[in-house]
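Summary of structural features
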Amino acid sequence: MTIDLKPFIRSGQPKYLAIGNALTEAINSGALQPGSKLPTHRELAETLGVSVQTVSNAYAHAEKQGAIYAQVGSGTFVRSRHVSHESDYLSTDEHEDPHRGIDLSTAHPVCTQRHVKLYRDGLERLAREGRDDFITSFHPTQGLTQHRDVVCAWLAQQKMPANPDHMLFCNGAAHALTIAMATVLKPGDTVLCERETCMLLLALAQTLHFNLKGLATDDQGLLPEALEAACKQGGARVLFCTPTMNNPTTDTMGLERRQAIAELARRYDLTLVEDDVYGALQPDRHPPLSALIPERSFYATSLTKITLPGMRAGYLITPPHLVQQAIGRLRSTTWMATLMPFEIASWWMQDGTLERMVAFQQQEFAARQQLARELLADCSFRAHPNGMHIWAELPAHWQPEKFARRARQEGVMIFPAEPFLATADRSNQHVRISLGAEQSRARLQAGLATLNGLFGETPPPMHFVF
């Protein structure tokens, strides 16, 4: 399709804004009809004499104004003014700096102005209800009883039965996991974990002075035979595990694998510390591993990865016999978690807001994973269909650190493998690509396209300075 936007372009604006606004004006005037397919980014860039990136940013701006929409695999189309937007969460207009780098490095839910408004509405309700005691009084270290009851009802929907007496509120899942590890470990102890694991665990090992032993995995995560072999060697009594959407690999255990790991934990008297921050992103999910062995499990989750990064409402379920010890660790690190996020979380859990927010993340990440499969067709990677990350294997001629550095030069941020490895492994040829930090699918698409181009590129020569 050939379109003439020049009559609608206004001077005095950045190019991407001028083009994006011109598209919207052309649609509103009837010059572009609903359902019409727009030119590709490259075609319009050549017509207007601008860069492809400028057109990508312009399309993203027009999409957020609700004027157009991108359909994966088909193209970009004019949206009817009489149909609902693709998503209430993605229909807001937010000014972005088109010159900032594309962030594919941060473990981040897709966060829009609609999400921010929901949080602001919660704060306004708090102000109207006059809950001054939230900031003028100390409260139970574990959290308020009424809040814990509500969370237990929500966790039951997540197939994680929980007793409110065994629950602690923490300032995010990282805090919850720190409390759990500090409760069961002393300096010099060894913790078993997946070979590729979250950065937090590596940081905790340095902070709490314990050792890590990474175990072999497959696409369902931790291998039972690897765990049993490590247990037979002795010296470890704690297993740290992320059974659902392991970060960074997104490996997810099936039910039989979970049952096998639970049986080994019982047989070899292991205490489990489970990180389940991504669990709610899996539709029709399996029970958490902790649900199978609650008597020996610390279960940690939060709302950070499924609502807003600043929603530091973390939940820790402890084994019954270790509740008081964990409360002591919690009290010594923060005395009590900040109550306001838990009040808002409680409302969201009861009125259906949280359910809608989770459904949005599931659907949005499913669409983004499909986009990644199309744009990275020649790249081998592991990913969950609703996952936040991609664990991409690089061609042999690239080293992860060099590839990440080269991507940054092109304005795309990703992580190489090294920060996720429980044991150093120079043969690991992976990078983690995260799909949620960019609100705009157009910017995500541009970042993925850039990475796809780099996969086949020859690494630049190393320069030595004498």
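Residue numbers restart at each chain and count upward from 1, following the sequence in its written direction. Side-chain atom pairs in this predicted model are given and counted only at pLDDT of 80 or more, local residue features only at pLDDT of at least 70, and totals for whole chains, interfaces and linings cover all residues. As a rule here, side-chain values cover all heavy atoms of the structure and leave hydrogens and water aside.

1. Some details on the sheet that holds strand β14 (residues 389–393)
- A pair of strands is treated as paired once DSSP finds two or more bridges between them. Helix and strand assignments follow DSSP, with helices taken as H or I runs no shorter than four residues and strands as E runs no shorter than two, numbered in order from the N terminus. The sheet built from 4 strands is open, its strands ordered β13-β14-β17-β16 with antiparallel pairing. Looking along the sheet, the strands with just one partner apiece sit at the ends: β13 (380–382) and β16 (415–416).
- Across 2 bridges, β16 lies against strand β17 (residues 430–434) in antiparallel orientation. The partner of Pro416 across the bridge, within β17, is Val431.

2. Notes on the nonpolar core
- To qualify as a nonpolar core, a set must consist of buried Ala, Val, Leu, Ile, Met, Phe, Trp, Tyr and Cys residues joined through side-chain atoms within 4.5 Å. Each residue's exposure class comes from its accessible area (1.4 Å probe, protein chains only) as a fraction of the maximum for that residue type: buried when under 20%, exposed when over 50%, partly exposed otherwise. Counting residues in each nonpolar core, the largest one holds 65 residues, and the members touching the most others are Leu104, Leu303, Tyr315, Phe403, Ile414 and Ile433.
- With 30 residues, the next largest nonpolar core counts Leu185, Leu201, Leu330 and Ala422 among its residues.

3. Comments concerning the packing of helix α9 (residues 224–233) against helix α10 (residues 255–267)
- Structural elements are reduced to axes, namely lines fitted to C-alpha atoms, with helices fitted over the stretch in contact, and the angle between N-to-C directions of any two is expressed from 0 to 180 degrees. α10 packs onto α9 with a crossing angle of 10 degrees between their chain directions and a minimal axis gap of 10 Å. Taken as axis vectors, α9 and α10 run roughly parallel relative to one another. Mapping the contact onto sequence places Pro224, Leu227 and Glu228 in α9 and Arg257, Ala260, Ile261, Leu264 and Arg267 in α10.
- In this count, Pro and Cys sit with the nonpolar residues alongside Ala, Val, Leu, Ile, Met, Phe, Trp and Tyr, while Asp, Glu, Lys and Arg are called charged and the others, Gly among them, polar. For the contact of α9 with α10, the per-class residue count stands at 5 nonpolar, no polar and 3 charged. By definition in this entry, angles of less than 35 degrees are roughly parallel, angles greater than 145 are roughly antiparallel, angles of 65 to 115 are roughly perpendicular, and the rest are oblique. Should any heavy atoms of two residues lie within 4.5 Å, those residues are considered in contact.

4. A short note on the packing of helix α7 (residues 173–184) against helix α12 (residues 323–334)
- For the pair α7 and α12, the least separation of the axes is 9 Å and the interaxial angle reads 125 degrees. As summarised for this structure, α7 and α12 are arranged oblique, according to the angle between their axes. As for the relative orientation of α7 and α12, their crossing is right-handed in sense. Contacts between α7 and α12 involve His175, Ile179, Ala182 and Thr183 on the former and, on the latter, Gln325, Ala326, Arg329, Leu330, Thr333 and Thr334.
- Each residue belonging to the contact of α7 with α12 can be placed in one class, and the counts come to 4 nonpolar, 5 polar and 1 charged. Take the far helix as the reference: if the near one is turned anticlockwise from it by less than a right angle, the crossing is left-handed, and if turned clockwise, right-handed.

5. Re the packing of aromatic side chains
- Stacked, tilted and edge-to-face are the three classes applied to pairs of Phe, Tyr and Trp rings, where Trp contributes its six-membered ring and a pair requires centres within 6.5 Å; stacked means planes under 30 degrees apart, edge-to-face means over 60, and tilted covers the rest. For the structure shown, the criterion picks out 8 aromatic pairs.
- Where Trp391 meets Phe420, the ring centres are 6.0 Å apart and the plane angle is 85 degrees; that geometry is what we call edge-to-face. Of this pair, Trp391 sits in strand β14 while Phe420 sits in the loop between β16 and β17, placing them 29 residues apart in sequence. Comparing Trp391 with Phe420, the two get one shared label, buried.
- With 5.2 Å between their ring centres and 5 degrees between their planes, Phe403 and Phe455 make a pair best called stacked. Linking Phe403 in helix α15 (residues 400–409) with Phe455 in helix α16 (residues 441–455), this pair joins segments that are 52 residues apart in sequence.
- Charge-over-ring contacts are defined here by two conditions on Lys NZ or Arg CZ: a distance within 6 Å of the ring centre and an angle within 35 degrees of the ring normal. Lying across the ring of Trp347, Arg125 places its NZ or CZ 3.8 Å from the centre.
- Its end group placed over the ring of Trp335, Arg331 keeps NZ or CZ at 5.6 Å from the ring centre.

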